[in-house]
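Observations on the model geometry
Below are the chains, spelled out letter by letter.
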Amino acid sequence: MKYDFLCWNKLVSTEEIIEINTVVQNNKDPNLIDGAAKDVTKTAKVDLLPWRYLRPNLERIYETWMMANCDSFGYNLYPMRNTDLWNCNTYDSINNAEYDYHTDRDSKKPSDIKLTGIVNISDEPYEGGEFIAFYDGGFKKVPEISQPGDVLLLRHDVVHKVNPVTKGIRKTLSFWFYGPAFI
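Residues numbered from 1 in each chain as written. Predicted model: local features only at pLDDT ≥ 70, side-chain atom pairs only at ≥ 80, totals over all residues. Heavy atoms only, no water.

Overview of the overall build of the chain
Looking only at helices and strands, the chain features two helices and 11 strands. Its helices and strands taken in sequence order, the chain reads β-α-β-α-β-β-β-β-β-β-β-β-β from the N to the C terminus. Against the 2.2 N^0.38 benchmark of 16 Å for 183 residues, the chain shows a C-alpha radius of gyration of 15 Å, consistent with a compact globule. Structurally, the chain occupies a C-alpha span of about 45 × 40 × 30 Å along its principal axes. (Helix = DSSP H or I, 4+ residues; strand = E, 2+ residues; numbered from the N terminus. Rg over C-alpha atoms; globule rule 2.2 N^0.38 Å.)

A few points about the pairing of strand S8 (residues 138-141)
Here strand S7 (residues 131-135) runs beside S8; their pairing, made up of four bridges, is antiparallel. Paired with Tyr135 across the two strands is Gly138, which belongs to S8. Hairpin connection of S7 to S8: two residues between the antiparallel strands, including Asp136 at a positive phi of 50 degrees. (Pairing = 2+ DSSP bridges.)

Topic: the nonpolar core
Residues Leu54, Trp86, Leu173 and Phe177 are the most contacted members of the largest nonpolar core, which totals 29 residues. For this core, the secondary-structure elements that each account for two or more residues are helix H1 (14-27), helix H2 (51-73), strand S3 (85-92), strand S5 (111-120), strand S9 (151-155) and strand S11 (165-180). Among the elements that take part in this core, H2 stands out by supplying nine residues, more than any other. Sequence-distant contacts of Trp86, defined by excluding residues within four places in its chain, comprise Asp47, Leu48, Leu49, Trp51, Leu54, Leu58, Trp65, Met80, Leu173, Ser174 and Phe175. (Core = buried A, V, L, I, M, F, W, Y, C linked by side-chain atoms within 4.5 Å. Buried < 20%, exposed > 50% of the residue type's maximum accessible area, 1.4 Å probe, protein only. Contact = heavy atoms within 4.5 Å.)

As for empty space enclosed by the protein
Applying the stated criterion across every chain, the model contains one cavity of 30 Å³ or more. There is about 150 Å³ of room inside the largest cavity. As for the largest cavity, its lining consists of 15 residues, of which Asn89, Tyr91, Tyr99, Ile118 and Ser174 are closest to the centre. Residue assignment for the lining of the largest cavity shows that the elements contributing at least two residues are S3, strand S4 (99-102), S5, strand S10 (160-162) and S11. Ranked by residues supplied to the lining of the largest cavity, first place goes to S11 with four residues. (1 Å grid on protein atoms, 1.4 Å probe; cavity = no way out; pocket = protein on both sides within 12 Å on 5 of 7 lines; lining within 4 Å. Points joined across faces, edges and corners; volume = space filled by probe spheres on them.)

Re a nonpolar patch on the surface
Side chains of Tyr101, Phe134 and Phe139 sit close together on the surface and give an oily, nonpolar patch of about 280 Å² of accessible area. When you line up the elements, Phe139 lands in strand S8. According to the relative accessible area criterion, Phe139 is partly exposed, its value standing at 44%. (Patch = residues over 30% accessible without salt bridge, like charges linked within 9 Å, V, L, I, M, F, W, Y side chains within 5 Å. Areas by Shrake-Rupley, 256 points an atom, 1.4 Å probe, with all protein chains shown as cover. Salt bridge = Lys/Arg side-chain N within 4 Å of Asp/Glu carboxyl O.)

Shown next as structure tokens:
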């Protein structure tokens, strides 16, 4: 394994962020509930929506992630289906929203999460909300995912967190890439 994570700065333009946020607002399903983060503090508001709504805006990002997996991670990944759910995470400074240290795994499925994809779709300035990950022997900020339009692909077993947002609102989309179960 060459990397713990890969980042791309400003891969999504301001215009694309506005369009993506409109898609999220118009297509989030209030009947779907985020079932993750039972054992850690997660105070971000989470809306779920199927890939079919995001696909026109994020197909290029998905292709970038798939190529990065081939070149740098080498996982056997299932293809994304139109019904696969994405999280839209809203970290609001009103409640100092955060997501405590965790790794990404799902013990309820007969397969395993291999990679996590994150897209910063913030449409207003914010402070705090730093993405922290364990790499190179310690916990460090990952500044490459701190600006609107930044994109990150993270190995499933890397411990990470989002610090409390202290001013404004931080928004991200996240998706988990599954593949055959690790044995």
